Amino acid sequence: MNILDTLNPEQKRAVLHDKGPLLILAGAGSGKTRVLTHRIAYLIEHRNVKPWNILAVTFTNKAAREMKERVDQIVGYGSHDIWVSTFHSTCVRILRRFIDRIGYERSFSIYDTDDSKTLMREVCKYLDIDTKRIPEKSILSAISRAKDELITPEEFEKSVNGDYMLKKQAEAYKEYQKRLKASNALDFDDLITKTVELFMTDKEALTYYQDRFRYIMVDEYQDTNTAQFRLIHLLASGINEQGKREYNLCVVGDDDQSIYKFRGANIQNILSFEKSFPNTKIIKLEQNYRSTKSILDTANEVIANNIGRKDKSLWTDNEKGEPVSYTQFESDIEEADSITSEIRRIVENNGASYNDFAILYRTNAQSRIFEERLIQKNIPYKIIGSVNFYARKEIKDILAYMKTIDNGLDNIAVKRIINVPRRGIGMTTIDRVNDYALLNGISFYEALVRSQQIPGLERSSSKIMSFVSMIEGLRTQLHQKNYNLAELIDDILDATGYLRELDAEGTDEARDRISNIDELVNKLVTYVEEAEDTPTLSGFLEEVALVSDIDSFDESADNIVLMTLHSAKGLEFPYVYMCGMEEGIFPGYMSIYADNPQEEIEEERRLCYVGITRAMKRLSLSAAKQRMSRGEMSYNKPSRFIHEIPRYLMKVNVPDNEPTKSFAFNKSSLFSEYRQSQKNYKPFITPEPRHLAGSNLTKLEYGIGDKVKHVKFGIGKVTDITMGGKDYEVTVDFERYGIKKLLASFAKLTLAD
DNA sequence: ACGCCGACCGTCCGA
DNA sequence: CGGTCGGCGT
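Residues numbered from 1 in each chain as written. Chains lettered and ligands numbered in written order. Predicted model: local features only at pLDDT ≥ 70, side-chain atom pairs only at ≥ 80, totals over all residues. Heavy atoms only, no water.

1. Observations concerning the overall build of chain A
Within chain A, the secondary structure is distributed over 30 helices and 23 strands. Against the compact-globule benchmark of 27 Å for 753 residues, chain A has a radius of gyration of 29 Å, which places it among compact chains. Each of the three principal axes of chain A carries a C-alpha extent, and together these read 80 × 75 × 55 Å. Looking at the 753 residues of chain A, the share that counts as buried comes to 54%. Sequence-distant contacts in chain A: of pairs separated by 6 or more residues, those separated by 24 or more amount to 73%. When the accessible surface of chain A is split by element, carbon and sulfur atoms take 49% of a total near 35800 Å². Taking the 104 positively charged and 113 negatively charged side chains of chain A as two groups, their mean positions are separated by 1 Å. (Helix = DSSP H or I, 4+ residues; strand = E, 2+ residues; numbered from the N terminus. Rg over C-alpha atoms; globule rule 2.2 N^0.38 Å. Buried < 20%, exposed > 50% of the residue type's maximum accessible area, 1.4 Å probe, protein only. Contact = heavy atoms within 4.5 Å. Areas by Shrake-Rupley, 256 points an atom, 1.4 Å probe, with all protein chains shown as cover. Lys, Arg positive; Asp, Glu negative; His and termini not counted. Charge placed at Lys NZ, Arg CZ, Asp CG, Glu CD.)

2. Quick notes on the nonpolar core
Ranked by internal contacts, the top residues of the largest apolar core, which has 54 residues, are Leu399, Met402, Leu448, Phe467 and Leu520. Ranked by residues supplied to this core, first place goes to helix H24 (residues 508-530) with 8 residues. With sequence-adjacent residues up to four places away left out, Met402 is seen in contact with Leu488, Ile489, Ile492, Leu524, Leu537, Phe540 and Leu541. Counting 44 residues, the second largest nonpolar core, distinct from the first, contains Leu186, Val196, Leu198 and Leu234. (Core = buried A, V, L, I, M, F, W, Y, C linked by side-chain atoms within 4.5 Å.)

3. With respect to the protein's contact with DNA strand B
Taken together, 23 residues lie around DNA strand B, and Arg362, Thr363, Asn364, Thr428 and Arg630 are the ones closest in. Among the atoms of DNA strand B lying within 4 Å of the protein, the sugar-phosphate backbone contributes 52%. In the environment of DNA strand B, a phosphate oxygen lies 3.0 Å from a nitrogen or oxygen atom belonging to the side chain of Lys137. With 3 residues, helix H19 (residues 427-440) is the largest single contributor of residues to the surface near DNA strand B. (Near = heavy atom within 4 Å. Polar contact = N/O pair within 3.5 Å; in protein donor to acceptor, adjacent residues only side chain to side chain.)

4. Observations regarding the confidence of the model for chain A
Summing up the model confidence of chain A, the mean pLDDT is 86 and the portion of residues at 70 or higher is 92%. Below a pLDDT of 50 lies the segment residues 658-698, which in the model reaches 47 contacts outside its immediate sequence neighbourhood of four places, other chains included. (pLDDT = per-residue confidence, 0-100.)

5. A word on the protein's contact with DNA strand C
Close contacts around DNA strand C come from Arg121, Arg368, Arg630 and Gly631, and that covers them all. For DNA strand C, the backbone portion of the atoms within 4 Å of the protein, that is sugar and phosphate, comes to 45%. Arg121 is positioned with one of its side-chain polar atoms (N or O) 3.3 Å from a phosphate oxygen of DNA strand C. Between Arg368 and DNA strand C, the recorded distance is 3.5 Å, taken from a side-chain N or O atom to a phosphate oxygen. Of the residues that constitute the surface near DNA strand C, the class distribution is no nonpolar, 1 polar and 3 charged. (Nonpolar A, V, L, I, M, F, W, Y, C, P; charged D, E, K, R; others polar.)

6. Remarks on the sheet that holds strand S1 (residues 22-26)
In spatial order, the strands read S3-S2-S6-S7-S1-S8; together these 6 strands make up an open sheet with parallel pairing. In this open sheet, the two strands that pair with only one neighbour each are strand S3 (83-86) and strand S8 (281-285). On average, each strand axis in the sheet is inclined to that of its neighbour by 15°, with strand direction left out of account. As paired elements, S1 and S8 share 5 bridges and run parallel to each other. Residue pairing across strands places Leu25 opposite Lys284, the latter belonging to S8. The strands touched by helix H1 (residues 9-16) within the sheet are S1 and S8, with S8 carrying the most contacts at an inclination of about 145°. Along the sheet, helix H3 (residues 61-75) contacts strand S2 (54-58) and S3; its crossing angle with S3, the most-contacted strand, is approximately 160°. (Pairing = 2+ DSSP bridges. Axes fitted to C-alpha atoms, helices over the stretch in contact; angles between N-to-C directions.)

7. Quick word on the packing of aromatic side chains
On inspection of all chains with the given rule, the structure shows 20 aromatic pairs. Considering the side-chain rings of Phe59 and Tyr260, the 5.4 Å spacing of their centres and the 40° angle between planes classify their relative orientation as tilted. Of the two residues, Phe59 sits in the loop between S2 and H3 while Tyr260 sits in the loop between strand S7 (249-253) and helix H12 (268-271), which places them 201 residues apart along the sequence. Classification of Tyr260 as buried rests on a relative accessible area of 8%. (Phe/Tyr/Trp six-rings, centres within 6.5 Å; stacked < 30°, edge-to-face > 60°.)

8. Topic: H19
Taking 1.5 Å as the rise per residue, H19 with 14 residues should run 20 Å; its terminal C-alpha atoms sit 20 Å apart, in good agreement. Thr429, Ile430, Val433, Asn434, Tyr436 and Ala437 are the residues of H19 that are buried. Relative to the axis of H19, the buried residues are bounded by an arc of 160° and lie together on one face. Residues Met427, Thr428 and Leu439 are exposed on H19 and point more than 90 degrees away from its buried face. As for H19, its buried residues are in contact with helix H18 (411-417), helix H20 (444-449) and helix H21 (461-478). Gly441 occupies a position one or two residues after H19 and carries a positive phi of about 60°. (Expected span 1.5 Å × (residues − 1). Arc of directions from axis to C-beta.)

9. Details of the side chain of His17
Along the chain, His17 turns up in the loop between H1 and S1. Judged by its relative accessible area of 6%, His17 is buried. Among the polar contacts listed, one links the side chain of His17 to the backbone oxygen of Lys19, at a separation of 3.1 Å. Excluding residues within four positions of it along the chain, His17 makes contact with Leu22, Arg39, Arg47 and Lys281.

10. A closer look at the pattern of salt bridges
Across all of its chains, the model carries 50 salt bridges by this definition. Residue Lys403 is joined to Asp115 by a salt bridge in which the shortest nitrogen-to-oxygen separation is 3.2 Å. Linking Lys403 in helix H17 (residues 393-406) with Asp115 in helix H5 (residues 113-126), this pair joins segments that are 288 residues apart in sequence. Measuring nitrogen to oxygen at the nearest pair gives 3.8 Å for the salt bridge that ties Lys167 to Glu171. Separated by 4 residues within a single helix, Lys167 and Glu171 lie in helix H8 (residues 164-182), roughly one turn from each other. For Lys167, a relative accessible area of 44% corresponds to the partly exposed category. Since its relative accessible area comes to 26%, Glu171 is described here as partly exposed. Several salt bridges converge on common partners, so that one network encompasses Lys32, Asp219, Glu220, Asp223 and Lys569. (Salt bridge = Lys/Arg side-chain N within 4 Å of Asp/Glu carboxyl O.)

11. Some words on the pairing of strand S11 (residues 324-331)
Most of S11 sits inside the fold, with 6 of its 8 residues counted as buried. Bridge analysis of S11 against strand S18 (residues 650-653) gives 4 bridges, and the strand direction is parallel. Of the residues in S18, the one forming a bridge with Tyr326 is Val652.

Below, the structure is given as structure tokens:
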């Protein structure tokens with residue numbers, strides 16, 4: 001079968017396009033991923049392009065993984081050699097090979113936002129910058145913006161012009177960069193800028209990659225920043241055998257879905273692509289295959305309020321479908337309650353499954369109230385993006401050990417763990433070592449090694465030396481021939497006594513931490529087993545640094561998924577709930593009162609457009625009249641975006657005020673209810689397991705009257721167990737949350753001692 | 001050196 | 001409301 005058969009004429013043109021720059025303006029749901037994968041497959045199969053001559057840059061690691069799989073499905077081979085990855089991963093791969101040409105070591109560390117902040121705090125302290133007046137966060141974001149625009153510390157300094165704030169920022173930028181270099185570390189932005197720097201200064205490295213990447217594709221092109229543009233431009237400017245520049249660059253984007261201006265995305269990259277690359281061919285994909293007419297019309301109406309867009313109009317052959325629904329609830333509690341109940345109702349009555357549903361919101365903070373409800377109702381769910389696994393203390397600690405072993409120059413990592421677990425090395429000691437290191441121009445770790453020579457450290461140097469020899473021991477072990485990297489964490493835990501200390505604590509929190517560490521061990525083992533090249537410590541650490549929460553999103557898992565509108569980009573769901581459609585929430589407070597509200601509101605509107613176009617079958621919008629935010633009640637009007645939807649497309653619901661069992665009720669009434677139930681105490685029975693067809697019921701390990709533990713609710717007492725459908729329904733009176741009915745298979749209750 | 005507690009604060013979105 | 005940081009007390 002011809003791989004072109006399933007494509008529409010425009011898609012076909014894009015796939016068949018031969019050489020030279022190509023801009024594909026792909027509206028939401030117009031099958032751009034299909035075009036990209038088919039184009040790659042076509043290049044390999046019909047144009048004799050070698051898989052290793054193709055570079056495809058995607059937005060997430062997940063998208064990269066899927067693209068490879070899909071190319072494999074079409075071509076059946078070769079996908080392994082295609083270089084498909086995100087901007088950041090691409091740059092890391094390049095830098096691991098060539099960064100020594102610009103004065104770093106190839107074992108460089110990658111600093112995450114936390115590390116950057118820690119470093120910036122040190123810098124501010126050193127430069128006497130009052131972080132009350134100039135918060136380190138604002139300095140970091142100024143630096144980040146500068147890096148997005150490829151502005152060096154020196155150039156930044158020149159542009160200061162006597163402005164006090166800018167002058168301080170310039171100083172901080174310079175010092176920050178100096179210290180990153182000394183730590184042999186790169187922050188997220190450096191990954192891009194240092195790659196550009198490498199290519200600008202080292203022709204050999206540039207030519208190597210220009211020759212290698214004969215065909216370049218970039219997805220989500222509207223969200224690239226200036227540095228990324230520069231990178232792509234450099235890579236695509238190679239000279240072919242005939243001595244000509246071909247610019248075999250194919251970018252796919254949609255200016256209406258540009259939602260990352262806040263992190264430096266430069267909309268001009270897509271708007272003036274044709275100017276940057278002469279003889280660009282432009283193809284518009286305007287047929288939407290995803291949504292019903294009602295949903296698509298709604299999206300078009302909303303986005304029409306933006307000015308200065310590229311001219312295009314999305315249409316669909318799909319059926320009209322139901323009108324979009326909008327409900328204004330009394331409160332955020334009611335909103336969460338009603339939406340979660342409705343989803344359950346649809347799943348139970350209409351044969352939908354939980355993974356058909358997404359709840360989308362503007363800010364991560366909004367997930368909390370939904371989570372409470374979903375737990376309460378025993379509805380399986382997954383929240384994407386709220387608390388990063390790798391940001392947890394115990395995980396960062398272990399990773400800091402690994403970084404220290406991998407790159408002794410990483411001062412932030414060494415300082416993090418020098419006294420974790422406690423070894424009696426305090427602030428004064430650390431300061432003295434630090435001063436010595438700065439004075440002698442050596443790393444913090446090197447200063448530790450020489451601590452015996454440092455004046456004033458007579459007493460603590462023995463403690464320091466035992467730390468040093470522990471690290472050295474681990475490092476030697478790592479470099480032994482048959483050492484299995486998968487054991488490294490265990491060895492660290494063993495040498496440091498980290499686990500023993502947590503064990504001794506014996507609290508719930510400590511147990512949580514231990515299970516998180518177990519999880520990290522699992523990830524390391526998986527990495528070692530599945531690594532494409534030889535697994536290395538640096539390799540693992542960079543994988544960890546560059547994963548995003550969305551990469552772990554598994555659409556086949558049967559749960560509702562909750563995430564921000566930003567995270568939802570590129571995804572689709574049959575049923576979409578967009579909640580918190582309120583002025584001040586969405587569009588956010590910050591954009592309404594910004595210096596340039598027009599611009600900011602337009603970005604919010606594009607975000608709204610992205611949200612609407614995620615829905616395939618049914619879209620539900622909602623707002624709340626009152627909502628609890630940062631401890632106080634706020635009262636918001638419905639979002640302007642709601643008013644931009646014509647009435648004929650939208651069904652406005654009146655919320656049904658059926659009395660809902662809310663656990664925001666006062667606890668005492670629930671408590672007396674419980675007392676009542678205790679009076680007519682039920683006899684102690686554990687129901688016999690009934691093996692129903694298709695169910696996998698197992699005998700419960702607890703019975704009525706037992707004390708059990710729930711992962712969120714904590715300790716409680718079982719007051720009733722009944723058979724509900726294919727699962728046990730367990731009623732538990734929790735010490736802190738009161739009485740709840742839970743389904744045994746979801747709740748995963750365990751006997752508490 | 002370390003732990004606890006209270007004040008404070010600041011809030012968007014993210015690799 | 002929740003996390004974080006700095007100060008103070010031991």
